[in-house]
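# Architecture and fold: a report
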Amino acid sequence: MSKKILVVDDEPSIVTLIEYNLTQAGYEVITASNGQEALTLAEMERPDLMVLDIMLPLLDGMEVCKAVRQKKLPISIIMLTAKEDELDKILGLELGADDYMTKPFSPREVSARVKAVLRRSTGYLNEKDLSSEDRKLDFGKLVLYPNRYEVLLNGEKIDFTSKEFELLVYLVENKNRVLTRDQLLSAVWNYEFAGDTRIVDVHVSHLREKIEEDTKKPSYIKTVRGMGYKFEEPKNQ
């Protein structure tokens, strides 16, 4: 079954270009030209991913992204903008975007980004080793199934964006190791935001809000001053 992509932009030429290339790549594509229409389609159609422009009529892309996350809709989001503004980039990621692209872009880049985000959000399945599909990382109250894209806290499923999940899995798989912000940036975001370690801090903050009982005294994700972060298994669970 093909993945469904919602493309949101008020420039018809951009929509046509993205729609054509994603359709050629085998995706089902639906479109919207303003933020309100996008939010309605997101709720009704439940796309797997949304390519979302920031500058939109009625509701801007930031508002749409925020609403999608507040409603806990399981939709990956790639923000799209003509701006080179770092503040927009950070704000979009803080609101829960999974990736970020700046116009102008190539059609090939859009397809590659969509494929990469969907691959992360559908569970990191290793086609060469399907026996690892049910791999379990158990830390008492916190349990991760990396290949299912699933995290349980006290038996309750926790919702994450794909980047939050990828960061958590990387921290867990390197537990008890101090990882610098640059290491995390390179491992989780590759080259996309080179040098911008604030993105790591934002995502660690989001993770703590979701898995820690006390974000000021975290049990799992520890800050190592002057260095970075370390995942530890809490004692006495």
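In what follows, the accompanying structure is described. Since the structure is predicted, the reported quantities are computational estimates derived from the model, not experimental observations. (Residues numbered from 1 in each chain as written. Predicted model: local features only at pLDDT ≥ 70, side-chain atom pairs only at ≥ 80, totals over all residues. Heavy atoms only, no water.)

## Focus on the sheet that holds strand E5 (residues 99–102)
One open sheet accounts for five strands, arranged E2-E1-E3-E4-E5; its pairing is parallel. The strands lining the two open edges of the sheet, one partner per strand, are strand E2 (28–32) and E5. In this sheet, adjacent strand axes meet at a mean angle of 20° when their direction is disregarded. Of the strand pairs in this sheet, strand E1 (residues 4–8) and E2 are connected by five bridges, and their pairing is parallel. (Pairing = 2+ DSSP bridges. Helix = DSSP H or I, 4+ residues; strand = E, 2+ residues; numbered from the N terminus. Axes fitted to C-alpha atoms, helices over the stretch in contact; angles between N-to-C directions.)

## Concerning the sheet that holds strand E10 (residues 179–180)
Sheet architecture is open: three strands sit in the order E10-E12-E11, paired in antiparallel fashion. Looking at the sheet topology across the chains shown, the edges are occupied by E10 and strand E11 (221–224). Where E10 lies against strand E12 (residues 228–231), two bridges are found, and the strand directions are antiparallel. Note that in E12 the partner of Thr180 across the bridge is Gly228. Running at roughly 70° to E12, helix H6 (residues 162–173) makes contact with E10, E11 and E12 of the sheet. (Contact = heavy atoms within 4.5 Å.)

## Describing the pattern of salt bridges
What the rule picks out here adds up to 12 salt bridges. Across the pair Lys163 and Glu166 runs a salt bridge, and its minimum N-O distance is 3.9 Å. With Lys163 and Glu166 both in helix H6 and three residues apart, the pair spans about one turn of that helix. The class for Lys163 is buried, based on a relative accessible area of 1%. When the shortest N-O distance is used, the salt bridge between Glu232 and Lys222 registers 3.0 Å. With Glu232 in the segment after E12 and Lys222 in strand E11, this residue pair connects regions lying 10 residues apart in the sequence. (Salt bridge = Lys/Arg side-chain N within 4 Å of Asp/Glu carboxyl O. Buried < 20%, exposed > 50% of the residue type's maximum accessible area, 1.4 Å probe, protein only.)

## Quick look at the packing of aromatic side chains
This structure, assessed with the given rule, holds two aromatic pairs. Considering the side-chain rings of Phe139 and Phe231, the 5.1 Å spacing of their centres and the 65° angle between planes classify their relative orientation as edge-to-face. A residue pair is termed long-range when its members are at least 10 positions apart, and Phe139 in strand E6 (residues 137–139) and Phe231 in strand E12 qualify at 92 residues. When its relative accessible area of 1% is taken as the criterion, Phe231 is described as buried. (Phe/Tyr/Trp six-rings, centres within 6.5 Å; stacked < 30°, edge-to-face > 60°.)

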